[in-house]
Amino acid sequence: QKHSYDVVVEVGCGTGEVIGHLEGTGKPRIGVDINPDFVTHCREAYKSDTEHIEFHVADAMKLDEWWVSMGYDKKYKAPLLVCPNNTIMIMPEEIRDTVIDKMRVVAGLEGRIVVTFWNGRMFA
């Protein structure tokens, strides 16, 4: 077993570059974004790999409800949810904690979440 998680989920996948480059995990990948234009773009960009990657329109504020509605709570027991800096930092500050809480709910006891933040310092 290469990794202890059974699916990778990018919350706020945008144009798909992060989730698209995680093919080396050997796990199914799911990208979600509230913007249907981004999801359409991703589906087109990754149409040759629909067996391993899928994209959906979903509201991160209701991620847990969406997860259950898709039946993923039954299919996956140890999801790895990622939300990179470029996504979490453009979310309105007042919703960030809720989004992270929803990610925790989806991850459950077996899964993991990774949220990255840029500290704002420039490198010399």
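Here the structure is shown first, and the text comes after it.
Report on the accompanying structure. (Residues numbered from 1 in each chain as written. Predicted model: local features only at pLDDT ≥ 70, side-chain atom pairs only at ≥ 80, totals over all residues. Heavy atoms only, no water.)

Some points on the overall build of the chain
Helix and strand counts for the chain stand at six helices and five strands. Secondary structure of the chain in N-to-C order comes out as β-α-β-α-β-α-α-β-α-α-β. Compactness check: the chain gives a C-alpha radius of gyration of 14 Å against a globular reference of 14 Å for 124 residues, within 12% of the reference. In terms of its C-alpha atoms, the chain occupies a principal-axis envelope of roughly 40 × 30 × 30 Å. Here the chain, with 124 residues, has 40% of them falling under the buried criterion. Within the chain, residue pairs in contact and separated by at least 24 positions form 58% of the contacts whose partners lie at least 6 positions apart. Counting every atom, the chain has about 7,600 Å² of accessible surface; 55% of that belongs to carbon and sulfur. Across the chain, the centroid of the 14 positively charged side chains sits 5 Å from that of the 19 negatively charged ones. (Helix = DSSP H or I, 4+ residues; strand = E, 2+ residues; numbered from the N terminus. Rg over C-alpha atoms; globule rule 2.2 N^0.38 Å. Buried < 20%, exposed > 50% of the residue type's maximum accessible area, 1.4 Å probe, protein only. Contact = heavy atoms within 4.5 Å. Areas by Shrake-Rupley, 256 points an atom, 1.4 Å probe, with all protein chains shown as cover. Lys, Arg positive; Asp, Glu negative; His and termini not counted. Charge placed at Lys NZ, Arg CZ, Asp CG, Glu CD.)

Some words on the sheet that holds strand β1 (residues 7–11)
The strand order across the open sheet formed by five strands is β3-β2-β1-β4-β5, and the pairing between neighbours is parallel. Since the sheet does not close on itself, it has two edges, and those belong to β3 (53–57) and β5 (112–115), each with one partner. The mean inter-strand angle of the sheet, taken between neighbouring strand axes irrespective of direction, is 20 degrees. Looking at chain direction, strand β4 (residues 79–83) and β5 are connected through four bridges and run parallel. Counted as the bridge partner of Val82 is Val114 from β5. (Pairing = 2+ DSSP bridges. Axes fitted to C-alpha atoms, helices over the stretch in contact; angles between N-to-C directions.)

Observations concerning the pattern of salt bridges
By the definition in use, this model includes five salt bridges. The partner of Lys74 in a salt bridge is Asp73, with the nearest N and O atoms 3.5 Å apart. Owing to a relative accessible area of 65%, Lys74 belongs among the exposed residues under this scheme. (Salt bridge = Lys/Arg side-chain N within 4 Å of Asp/Glu carboxyl O.)

A word on the packing of aromatic side chains
The geometry of an aromatic ring pair comes down to the distance between the two centres and the angle between the two planes. Following the criterion strictly, the structure yields six aromatic pairs and no others. Arranged with centres 5.7 Å apart and planes meeting at 35 degrees, the rings of Tyr46 and Phe55 form a pair that is tilted. The two residues Tyr46 and Phe55 agree in class, both being buried. With 5.1 Å between their ring centres and 55 degrees between their planes, Trp67 and Tyr72 make a pair best called tilted. Taken individually, Trp67 and Tyr72 each receive the classification buried, so the pair is uniform in this respect. Grouping aromatic residues by their ring pairs yields a cluster made of Trp66, Trp67, Tyr72 and Tyr76. (Phe/Tyr/Trp six-rings, centres within 6.5 Å; stacked < 30°, edge-to-face > 60°.)

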